[in-house]
Amino acid sequence: MDYIFRGVQLGFIYSLLAIGIVLVYRATRVINFAHADFATFGTFIFLSALNKLGSGFSILCAILGFFASGLIAFIVSYFVFYEAQRRGVSPLGITIGTIAISFFIQSFEIIVWGPEPKSVPSFFQGTIDVFGFSISKTFILVLIVSLLTLSVFYLVITKTRFGISIRAVSQNPDMSRILGVRFRFVVSSIWGLSAAIAGISGILLAPLYSVDQVFLFDPFLKAFIGAIVGGIDSVPGAVVGSIIVGLAESLFGGYVSIKYKTAFIFLIGVVSLALRPEGIFGREIKERV
Amino acid sequence: MKLKRTTKMKTDYVDDLRIIPDIPALIFTIAFTTLFIILPLFASSRMIYIITLIMIHSIAVLGQNILIGYTGLISFGQSGFLAIGAYTLAHFVDKIGLLPALLLSGIFSGIIGAIVGIPSVRLKGPFLAISTLGFSVVVFQVILNTPEISGGRMGMSVPKKWGIDSPLEIYYLCLFFTYFFYIVGYRIIKSHIGKIFVAIRESDLVAEVLGVNVVKFKILSFVISSFYTGFAGGLYAYFFGYLEPTMFSISESINIFAAIVIGGLGSVIGSLLGTAFVISIPQIFVSLKEYTHIIFALAILLSVIFEPLGLYGRWLKIKLYFMNFPFR
C-alpha cells in the first residue's frame, strides 16, 4: 500500500513534466530535450530565493521559481527556436537544438551555482492517518499541488482566449496565423507554460533528490515514457501514462529490484511503442509522402 | 573564350568510387599521411595522446554517422556500444590476443546492435532516440551493478602485452585502424548499400515502395555502426589500460552526437573534423572546464541554424571559393 501511494505521488510529479513535453510536441513537432533543464533552472532560482528570504517565504519562492523556468523557456523559444524555424530548420533540427540549449543551461548552472549537489529540507515531516492508512504530509502536498495545477491548466486551455489560441496554433499553424493569432508570441508562451509547469515538478522533487544541474534528467526520461505510453499528442494520455509509469517504478522498485527499475521503465516504453505506437489515447500516426 | 574547367567531372560510377579523385587530392593525401607518420618525431607526448584519442573517437563517430547522418536513425546508444566493446576487450585480451579481441569487441557489439536495431523498424526520429538512450542507460546500470563485469569498486585494469604497449605503438596502431575504417566506410557509403541508406533517410516509405527491404537495411545500418563503435570501444580500453563504469555515462553518447552534428551529418570527412573539434576543445581549455559545454552548445546551435552540413559544409565552401578564385 505504501508503494502505491509513493507511486501515485511520483506519477503526479511526472505528469507535470509530461504535460509540457506533449504541449510542445503538439504545437511544434519538437521533442524538447531541454525541458528538464528549464525546470532545473527554476528550481535553482527557488533555492537561491529560499536561502535569501528564509523558509517563511517558501510559497513566494516557489512562485518565483515557477516564473523563472517559464521565462527562460519563453526567451529561448522567442529568440532562438523561432528564428531557426523561420530559416527553414526542420523540427528534427530544432530537437537537436534543444539538446544544445540543455548543454548551455547546465554549464551556466555549474558556473553560477557550482557543481556540488545541494540538499533541500522537505516541506513537511511526519504522517497523518486517513482511514487507517498513514500517509505522509508530503504526499498530500504533492497531490494538492498537482491536482490544482492540472485543473488550472485545464481551465486555461479550454476557457480562456489565450488557451484557445494555443489550441489553434497546435491544430493548424498557418490558418491560425491568417486568422490573426500572434504566432510567435503564442508558440513561445507554449514553451514557457510547459516549462513553468515542469518547474513546479522540479520544486516538488527537490526534497526527494539532492539538487544539481542534472537531477531532473531521470524524471524527465520517465515522464517522456509516460507521455509515450499515454500517447504523445494527448494531454490526458500524458497524465494517465505518467501515473502508470510512477506506479510501475514504485512497485518494481519495492518488490523486485531497486537497481534495475530505470531499465524496467524503459522496457515498458519499448513494449508500449512496439504494441501501440500511438499510445493509449493518441490518434493513429499516418504518414504522407 | 573557353572557360577552363576547375575540377574533373565524374563521368561514371568508377569515378565516383575513387577515394582519391585527382592530382591535388593525391598530393594532399600523401602530405597528410606523411605528416601523421613523422609526427611523433617532433610532437610532445601530450599532443600524441590527444591525437590518439581523436583517432579512436573518430572511428566511433564515423560508425554513428553512417547510422545517424546517412540512414537518418537518431540514436543515443553510442556509450552503450562503446562500453560493450571496451569490456569485451578487457575480458578477452588476455586469453586470445589483441587483434582477435578487438575483432570480437566489434562483432559482439554488432550483434547487440542488431537487437537494438529491431525497434527502429517501427520507430523513428525522437522516439528511436529515446529508446536507444534507454539502451545506454540499461548498459550503464548493468555495468555499474555487476562487479563480475566491471571489476567492482576499484575499476578494471586492461593488461598490456602482445608487443604493443608504449603510447607510440598504440598511436601507430590507431593510425592504421583509422585509415582502414575510413577507407572501408567511404566504400560502404559509395556502394549500393550507402545509396539505400540515404534513400531510407529521405523517406523510408518511398524506399520500400521502390523495392528496398527496409527492415534488413535499417538493421544492417545498426550492425555496421555498432561494429565501428564497439571496435573503437576496444581500442579505447586498450589505450587507457583502465576502465570504470563512469567512463561510459550518457555524456559520452552526447559527445559523439555533438561531434556528428558539428562535423556534418552525412559526411565522412565531417566525422573526422567534428571529432577533432569535440575532443580537442576540452583538452585545450583544461582550465576553463565549465565553459567547454557552452562552446559545444553554441557550435551545435550555429551549425543547426546556419550550416546544416557542419564543419564539412564550411570546408566545401572555402574550397569552392579558392577553386573559382576570381569569381564568386
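Rules and cut-offs
Residues numbered from 1 in each chain as written. Chains lettered and ligands numbered in written order. Predicted model: local features only at pLDDT ≥ 70, side-chain atom pairs only at ≥ 80, totals over all residues. Heavy atoms only, no water. Helix = DSSP H or I, 4+ residues; strand = E, 2+ residues; numbered from the N terminus. Rg over C-alpha atoms; globule rule 2.2 N^0.38 Å. Buried < 20%, exposed > 50% of the residue type's maximum accessible area, 1.4 Å probe, protein only. Contact = heavy atoms within 4.5 Å. 1 Å grid on protein atoms, 1.4 Å probe; cavity = no way out; pocket = protein on both sides within 12 Å on 5 of 7 lines; lining within 4 Å. Points joined across faces, edges and corners; volume = space filled by probe spheres on them. Nonpolar A, V, L, I, M, F, W, Y, C, P; charged D, E, K, R; others polar. Salt bridge = Lys/Arg side-chain N within 4 Å of Asp/Glu carboxyl O.

Attention shifts here to the overall build of chain B. From N to C terminus, chain B includes 15 helices and two strands. Taken over the C-alpha trace, chain B has a radius of gyration of 20 Å; the compact-globule value for 328 residues is 20 Å, and the two agree within 12%. Each of the three principal axes of chain B carries a C-alpha extent, and together these read 75 × 55 × 40 Å. Every one of the 328 residues in chain B was classed for burial, and the buried ones make up 51%. Considering only residue pairs separated by 6 or more positions, chain B has 79% of its internal contacts joining residues 24 or more positions apart.

What follows deals with empty space enclosed by the protein. Overall, the coordinates contain three cavities of 30 Å³ or more when judged by the stated rule. Taken as a whole, the largest cavity holds about 50 Å³ of empty space. Examining the composition of the lining of the largest cavity, we find that four residues originate from one element, helix 4 (residues 91-113) of chain A, more than from any other. Tallied by class, residues from the lining of the largest cavity come to nine nonpolar, two polar and no charged. By volume, the second largest cavity is sized at about 40 Å³. Ile225(A), Ile228(A), Phe266(A), Gly269(A), Val270(A), Leu273(A), Phe127(B), Ile130(B) and Ser131(B) are the residues that line the second largest cavity. Among the secondary structure elements, those contributing two or more residues to the lining of the second largest cavity are helix 9 (217-230) and helix 11 (261-275) of chain A together with helix 6 (126-145) of chain B. Broken down by element, the residue count for the lining of the second largest cavity peaks at four residues, all from helix 11 of chain A. Counted by class, the lining of the second largest cavity contains seven nonpolar, two polar and no charged residues.

This part is about the pattern of salt bridges. All names here are of chain A. Scanning the entire structure with this criterion turns up seven salt bridges over all chains. Two residues, Glu 83 and Arg 86, come together in a salt bridge whose shortest N-O distance is 2.8 Å. With Glu 83 and Arg 86 both in helix 3 (residues 58-86) and three residues apart, the pair spans about one turn of that helix. Assessed through its relative accessible area of 55%, Arg 86 is described here as exposed. Across the salt bridge formed by Lys 261 and Glu 249, the nearest N and O atoms sit 3.5 Å from each other. Pair noted here: Lys 261 is in helix 11 and Glu 249 is in helix 10 (residues 235-255), with a separation of 12 residues, a long-range link. You can call Glu 249 buried: its relative accessible area is 3%.

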